[in-house]
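# Architecture at a glance
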Number of protein chains: 2
Amino acid sequence: MKFKAMYSFLEQDLNIVERELEKTIQSTDPLLSDAGLHLLQAGGKRIRPVFVLLSAMFGKYDINTIKKVAVALELIHMASLVHDDVIDDAEIRRGRETIKAKWDNLIAMYTGDYLFARSLQLITEIENPLAHQILSKTIVEVCLGEIEQIKDKFHYEQTYKTYLKRIKRKTALLIAASCQVGAVCAEVPDEWHKKLYWFGYYVGLSFQIVDDILDFTSTEKELGKPVGSDLLQGNITLPVLFAMKDPAIKQRIIQINENTTPEEIKPVIDDIKNSGAIEHSFEISNRYLMKSLQFIDQLPKCKARTALMKIAKYIGKRKF
Amino acid sequence: MKFKAMYSFLEQDLNIVERELEKTIQSTDPLLSDAGLHLLQAGGKRIRPVFVLLSAMFGKYDINTIKKVAVALELIHMASLVHDDVIDDAEIRRGRETIKAKWDNLIAMYTGDYLFARSLQLITEIENPLAHQILSKTIVEVCLGEIEQIKDKFHYEQTYKTYLKRIKRKTALLIAASCQVGAVCAEVPDEWHKKLYWFGYYVGLSFQIVDDILDFTSTEKELGKPVGSDLLQGNITLPVLFAMKDPAIKQRIIQINENTTPEEIKPVIDDIKNSGAIEHSFEISNRYLMKSLQFIDQLPKCKARTALMKIAKYIGKRKF
């Protein structure tokens, strides 16, 4: 089953969200508009908007209100990607040049700031203090996660706990917030939006672990960037941590530094793939997926719930 | 009369704001806490908090609420300075190493993001939709201003209008917002907080023009950075625009580029100082100052009004 088929009933509303994204990104400054459009056209799964809309369906769903929340969440995500690419010195994302590659680091810094600011502006149109508080707290945590990612680069003495804390901040919290804020803005009762938060949180962990696996197991074409990019950029992900349990592989991994070339990294990628680390990482991802389903299970049956369950399962198994 | 003497009755409350700033900047991440503290210790006039508190005095003044607004505005300002230093490749600000110099550009990018996020978090504690809307709109404009500043660097065919638009976004809007949001959060009536906005707006223009003048007329010790830094960084300010009306001076100015040294720029600074451009710039600053006083004049007499008037006049005449 294709990803989009799981929520085909949202198609029209997601188109509305997409138009709103385009509108929001337009700026009086042509450079910013270009940069924003360049990002939008690179596509992406729009997972955060999907979660926002589906969560809102547990309450008073109104596309004209909820589209703003969906766009705001996607913009925060896009802003963090733009700043991430500066940190990672990344040239390519989703098969397209990054902002920092097409323009430069300074433009990328301010494009990120601008997207972020526009998302805030949109959020303030929704008069819901709880939604504002959840989001601002999430943004602080996302920033902390980014700083940790810088500090942890090429730092091989990491634990599973360090990794988990990082992906929590990097991915899980924003997906959890997407679910919760979507629900809160649709006046979903407290008890339910908290469950949606935890559903999103565990789906987010699972999603990021699979993402980190795919960095090794996918092809360059599927990834839209070179295989092993994370490792080359010094980001120590779960498959790497597991593979390093073998002292011989660890010895080769810790040689990798800022000057390692994509060619030099190829045999190490094979080592990691053959070490059992991929399978082990999938198991962990699956464990979080099961946890997420426990929370969604406690919510009333409806097509939104069915769609969230399908998406969660898809995320845990996706191949790219 | 010294700056602080104009609002000595605020001393205790400004200390509360300073403690709140220190508290807010603390992070679970030691690097971020260090970077934030480094910025705080560099000092600064805390003009935005002063304007927030004074404006709030026209309504229901409560330091426990209003301190959050004051801290949020100062944090937004600090965040923009940190990102500015990346753009300007600045090593020194307020006599101290910049974040980008002491650490690096990436740390500076995320320190800015973090300060910004913390300021938002504080703002969301104040349940006032109008305050949120004013602030988020201001932040968008500040971002647009920063992008313009990048694009206008070493671009000598600028007009007075371009300059004005830039300093409006760079400085005036945030000071205007400080005055208005301070008032809005103290339930100051519509008619008054709009006047406070315009007061802050014109004071902000005047303030920035004087700042741009001082870059030429002050000493390195007073500025806490080399004389002529703006010009060296390619920022074309009002004294430069006026001095370029003399074709001979213009000819020398337009030679300045990314590779010009501080030594090479010295004779050009003298040219600008002897051209009458400084006096002309002061006239313009003074014109905006007078406009600001027209707005404050329409507000009820009280010690906050007297203090705002004194501060405005001081800003127009300050020597550093």
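A brief structural summary. (Residues numbered from 1 in each chain as written. Chains lettered and ligands numbered in written order. Predicted model: local features only at pLDDT ≥ 70, side-chain atom pairs only at ≥ 80, totals over all residues. Heavy atoms only, no water.)

## Structural notes on the relation of the copies chain B and chain A
The transform that puts chain B on chain A rotates by 180° and translates by 0.0 Å along the axis, for an RMSD of 0.0 Å. What the rotation and shift describe, once combined, is the action of a two-fold rotation axis. Minimal C-alpha distance to the rotation axis in chain B is attained by Met109(B), lying at 3.6 Å. The overlap is high: 100% of the interface residues of chain B also sit at the interface in chain A, so the same surface is used on both sides. (Least-squares fit on C-alpha atoms with pLDDT ≥ 70 in both. Contact = heavy atoms within 4.5 Å.)

## What about the nonpolar core?
Membership of the largest hydrophobic core comes to 164 residues, with the highest contact counts inside it found for Phe51(A), Leu115(A), Ile311(A), Phe51(B), Leu115(B) and Ile311(B). Not counting residues up to four positions away in its chain, the partners in contact with Leu115(B) are Ile25(B), Leu39(B), Leu75(B), Met78(B), Ala79(B) and Val82(B). (Core = buried A, V, L, I, M, F, W, Y, C linked by side-chain atoms within 4.5 Å. Buried < 20%, exposed > 50% of the residue type's maximum accessible area, 1.4 Å probe, protein only.)

## Observations regarding the packing of aromatic side chains
Residues and elements named next belong to chain A. For the coordinates displayed, the defined rule picks out 19 aromatic pairs over all chains. Ring centres 5.1 Å apart and planes at 75° place the aromatic pair Trp198 and Tyr201 in the edge-to-face group. With Trp198 and Tyr201 both in helix α9 (residues 190-217) and three residues apart, the pair spans about one turn of that helix. Note on Trp198: relative accessible area 35%, which makes it partly exposed. For Tyr201, a relative accessible area of 13% translates into the label buried. Measuring from ring centre to ring centre gives 6.0 Å for Tyr202 and Tyr288, while their planes differ by 10°; the resulting arrangement is stacked. Residue Tyr202 is found in helix α9, and its partner Tyr288 is found in helix α15 (residues 277-297); the two are separated by 86 residues along the sequence. We note that Tyr202, like Tyr288, is buried. (Phe/Tyr/Trp six-rings, centres within 6.5 Å; stacked < 30°, edge-to-face > 60°. Helix = DSSP H or I, 4+ residues; strand = E, 2+ residues; numbered from the N terminus.)

## So, the packing of helix α6 (residues 105-124) of chain A against helix α4 (residues 63-88) of chain B
Interaxial distance between α6(A) and α4(B) falls to 10 Å at its minimum, and their mutual angle equals 160°. The orientation of α6(A) relative to α4(B) falls into the category roughly antiparallel. Our pair here, α6(A) against α4(B), has a crossing hand that is left-handed. Here Leu106(A), Met109(A), Tyr110(A) and Asp113(A) of α6(A) come into contact with α4(B), specifically with Ser80(B), His83(B), Asp84(B), Val86(B) and Ile87(B). In terms of residue class, the contact of α6(A) with α4(B) is made up of five nonpolar, two polar and two charged. (Axes fitted to C-alpha atoms, helices over the stretch in contact; angles between N-to-C directions. Parallel < 35°, antiparallel > 145°, perpendicular 65-115°, else oblique. Left-handed = near helix turned anticlockwise from the far one by under 90°. Nonpolar A, V, L, I, M, F, W, Y, C, P; charged D, E, K, R; others polar.)

## What about the interface of chain B and chain A?
With 41 residues of chain B at the interface, the matching set in chain A holds 41 residues. Interface area lost by chain B to chain A is led by Met109(B), Tyr110(B) and Ile147(B), which between them contribute 17%. Counting every contact that joins chain B to chain A gives zero salt bridges. Elements represented by at least two residues in the side of chain B that touches chain A include exactly α2 (30-41), α4, α6 (105-124) and α7 (129-152) of chain B. Considering each element in turn, the side of chain B that touches chain A owes the most residues, 14 residues, to α7(B). Class assignment for the residues of the side of chain B that touches chain A results in 20 nonpolar, 10 polar and 11 charged. (Buried area = accessible area lost by both parts, 1.4 Å probe. Salt bridge = Lys/Arg side-chain N within 4 Å of Asp/Glu carboxyl O.)

## Considerations on unusual backbone geometry
Non-glycine residue Glu187(A) carries a positive phi angle of around 55°. Among the secondary structure elements, Glu187(A) is positioned in the loop between α8 (160-185) and α9. For Glu187(A), a relative accessible area of 55% gives the class exposed. Even without glycine at this site, Phe154(B) takes up a positive phi of about 55°. By the element assignment, Phe154(B) lies in the loop between α7 and α8 (160-185). In this structure Phe154(B) comes out as buried when scored by relative accessible area, which is 19%.

Just geometry here; none of it tells us what the structure is for.
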